[in-house]
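Chains, contacts and geometry: an overview
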Amino acid sequence: MTVLTALVRSRMYRVVLVCALMCPGTTEVLAQAPAPPPGGTTTVVQGRGLALEWVITIAMCGAALFVVCRSSRRN
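What comes next concerns the included structure. Source: prediction; values computed, not measured. Each chain carries its own residue numbering, running from 1 in the written order of its sequence. Only residues with pLDDT of at least 70 are given local features in this predicted model, and only at 80 or more are side-chain atom pairs given and counted; all residues enter the totals for whole chains, interfaces and linings. Each side-chain value is worked out from all heavy atoms of the structure, with water and hydrogens disregarded.

Re the overall build of the protein
Where helices and strands are cited, they refer to DSSP runs of H or I of at least four residues and of E of at least two residues respectively, numbered from the N terminus. A count of helical and extended segments in the protein gives four helices and zero strands. For the protein, the sequential pattern of α-helices and β-strands runs α-α-α-α. For the protein, the residues scored as buried account for 1% of the 75 residues in total. Each accessible area is a Shrake-Rupley result for a 1.4 Å probe, and residues are judged covered by the shown protein chains and nothing else. Carbon and sulfur atoms form 69% of the exposed surface of the protein, whose accessible area is close to 7500 Å². Each residue's exposure class comes from its accessible area (1.4 Å probe, protein chains only) as a fraction of the maximum for that residue type: buried when under 20%, exposed when over 50%, partly exposed otherwise.

Focus on a nonpolar patch on the surface
Exposure above 30% relative accessible area and the absence of a salt bridge qualify a residue for a patch, where like charges join within 9 Å and nonpolar side chains (Val, Leu, Ile, Met, Phe, Trp, Tyr) within 5 Å. A side-chain nitrogen of Lys or Arg and a carboxyl oxygen of Asp or Glu constitute a salt bridge if their distance falls within 4 Å. On the surface, Leu17, Val18, Leu21 and Met22 cluster together to form a nonpolar patch covering roughly 440 Å² of accessible area. When you line up the elements, Leu17 lands in helix 2 (residues 11-22).

Focus on helix 4 (residues 51-71)
Here the expected span of a helix is defined as 1.5 Å times the quantity of residues minus one. For helix 4, built from 21 residues, the straight-helix expectation of 30 Å at 1.5 Å per residue is met to within 8% by its first-to-last C-alpha distance of 30 Å. The element helix 4 is barely covered by neighbouring structure, given that only zero of its 21 residues are classed as buried.

This is a description of form; function is not addressed.
Laid out in structure tokens, this is it:
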């Protein structure tokens, strides 16, 4: 009984109670069970290179550098 009394007096209990009263969908979110861990199998996709991602990254860094240098004040 003392554990239950301590729970009711805790701040988190009050926060959850206020959220449940103010937002009706909160109780469903708080009642969700944790997701099960992923299965033991792992799918490995081979044959895909990262060349396109590197090209896009270098191009975006170059564009950002161009814009910053172009907009700076020259004395």
